[in-house]
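Overview (structure and organization)
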Amino acid sequence: MNFLEIINRRESIRSYDPTKQIPEDVLLYILEAGRLAPSAANFQPWQFVVVSSPEKLAAVRSTYPRAWFAEAPQVLIVTGNKEKAWKRADGYNSIETDLTIAMDHLILAAESQGLGTCWIANFDYPALRSVLQLTENEVIFAMTPLGYPKTGFVKKSHKLRKPIDDVVKFI
Ligand SMILES: Cc1cc2nc3c(=O)[nH]c(=O)nc-3n(C[C@H](O)[C@H](O)[C@H](O)COP(=O)(O)O)c2cc1C
């Protein structure tokens, strides 16, 4: 698969096979893609939290109670520390951008390995912070279930996106 094919194939998966575990080498491949992501001033203010233990999975799932979310055998959460991110003179903090880029790397790498993902931001933020025991400066912008789509799951045949002329401007 070339890069555009990976991007085109990726879609939000809301149906997982709970019985199919992710091989360790596949998981490490995905995490390596996150590790290699760029960040402002190369500060890499992130941590990639792989949730696998039954207790932690139950706690994380309770912050986003959807049956399909609970099917995935693992959850990947990108957290970061605002104090460890780059800050511009006018006060802009790069943490959200840095973490978002890392998440995109992780999600596309997962797609390249045949795994399903779904970017999730609509979780109970205080509850997830508490599950992960985050300190004051640590933040979360997204998590994703990680697992193989259920057998028979059919991907959308095309992406619902604005036409290129609506989103590109040549000046
Ligand atoms: C920042 C962000 C937050 C999202 N939060 C959720 C979410 O909480 N729950 C969910 O089911 N999908 C969530 N999505 C998935 C979007 O609905 C989905 O990416 C969009 O509809 C495009 O569909 P596609 O991912 O299949 O291409 C989120 C996506 C992004 C980028």
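Up top you'll find the structure we're talking about.
Cut-offs used in this document
- Residues numbered from 1 in each chain as written.
- Predicted model: local features only at pLDDT ≥ 70, side-chain atom pairs only at ≥ 80, totals over all residues.
- Heavy atoms only, no water.
- Helix = DSSP H or I, 4+ residues; strand = E, 2+ residues; numbered from the N terminus.
- Buried < 20%, exposed > 50% of the residue type's maximum accessible area, 1.4 Å probe, protein only.
- Near = heavy atom within 4 Å.
- Polar contact = N/O pair within 3.5 Å; in protein donor to acceptor, adjacent residues only side chain to side chain.
- Areas by Shrake-Rupley, 256 points an atom, 1.4 Å probe, with all protein chains shown as cover.
- Nonpolar A, V, L, I, M, F, W, Y, C, P; charged D, E, K, R; others polar.
- Salt bridge = Lys/Arg side-chain N within 4 Å of Asp/Glu carboxyl O.
- Expected span 1.5 Å × (residues − 1).
- Arc of directions from axis to C-beta.
- Contact = heavy atoms within 4.5 Å.
- Axes fitted to C-alpha atoms, helices over the stretch in contact; angles between N-to-C directions.
- Parallel < 35°, antiparallel > 145°, perpendicular 65-115°, else oblique.
- Left-handed = near helix turned anticlockwise from the far one by under 90°.

**Some remarks on the environment of Ala-85**
As for its placement among the helices and strands, Ala-85 is situated in the loop between strand S2 (74-81) and helix H4 (95-112). The exposure class of Ala-85 is buried, given its relative accessible area of 3%. Once the C-alpha coordinates of Ala-85 and Ala-67 are considered, the two residues, 18 residues apart in sequence, prove to be 35 Å apart.

**Focus: the site of the ligand**
Ser-12, Tyr-64, Trp-119, Lys-156 and Arg-161 are the nearest of the 14 residues found near the ligand. Take Trp-119: an N or O atom from its main chain is 3.0 Å from a nitrogen atom of the ligand. With respect to the ligand, the side chain of Lys-156 contributes an N or O atom lying 2.9 Å from an oxygen atom. Relative to its unbound accessible surface of 620 Å², the ligand loses 61% to contact with the protein. Looking at the shell around the ligand residue by residue, the class counts come to 6 nonpolar, 2 polar and 6 charged.

**Quick notes on the pattern of salt bridges**
A side chain of one charge can pair with a side chain of the opposite charge when the charged atoms of the two come close. For the structure shown, the criterion picks out 6 salt bridges. Glu-32 is paired through a salt bridge with Arg-35; the nearest N and O atoms lie 2.8 Å apart. Taken as a pair, Glu-32 and Arg-35 lie in helix H2 (residues 24-35) at a separation of 3 residues, close to a single helical turn. Classification of Arg-35 as partly exposed rests on a relative accessible area of 47%. Across the pair Lys-155 and Glu-111 runs a salt bridge, and its minimum N-O distance is 3.0 Å. Residue Lys-155 is located in the loop between strand S3 (138-146) and helix H6 (164-167), and its partner Glu-111 is located in helix H4; the two are separated by 44 residues in the primary sequence. A residue is classified by how much of its surface remains accessible, and Glu-111, at 2% relative accessible area, is buried.

**Here's the deal with H2**
With 12 residues, H2 should reach 16 Å at 1.5 Å per residue; the first-to-last C-alpha distance of 16 Å fits that figure. Among the residues of H2, Val-26, Leu-27, Ile-30, Leu-31, Ala-33 and Gly-34 are the ones counted as buried. In a view along the axis of H2, the buried residues occupy a sector of 150 degrees, so they form one face of it. Opposite its buried face, H2 presents the exposed residues Glu-24 and Asp-25, each directed more than 90 degrees away. Check the buried side of H2 and you find it contacts strand S1 (46-51), S2, H4 and S3.

**Details of the packing of H2 against H4**
Direction vectors running N to C along H2 and H4 enclose 150 degrees, while the axes themselves pass 8 Å from each other. With respect to H4, the axis of H2 lies roughly antiparallel. Of the two elements, H2 crosses H4, and the hand of that crossing is right-handed. Residues Tyr-29, Ile-30, Leu-31, Ala-33 and Gly-34 of H2 form the contact with H4, whose participating residues are Ala-102, His-105, Leu-106, Ala-109, Ala-110 and Ser-112. Grouping the constituent residues of the contact of H2 with H4 by class yields 8 nonpolar, 3 polar and no charged.

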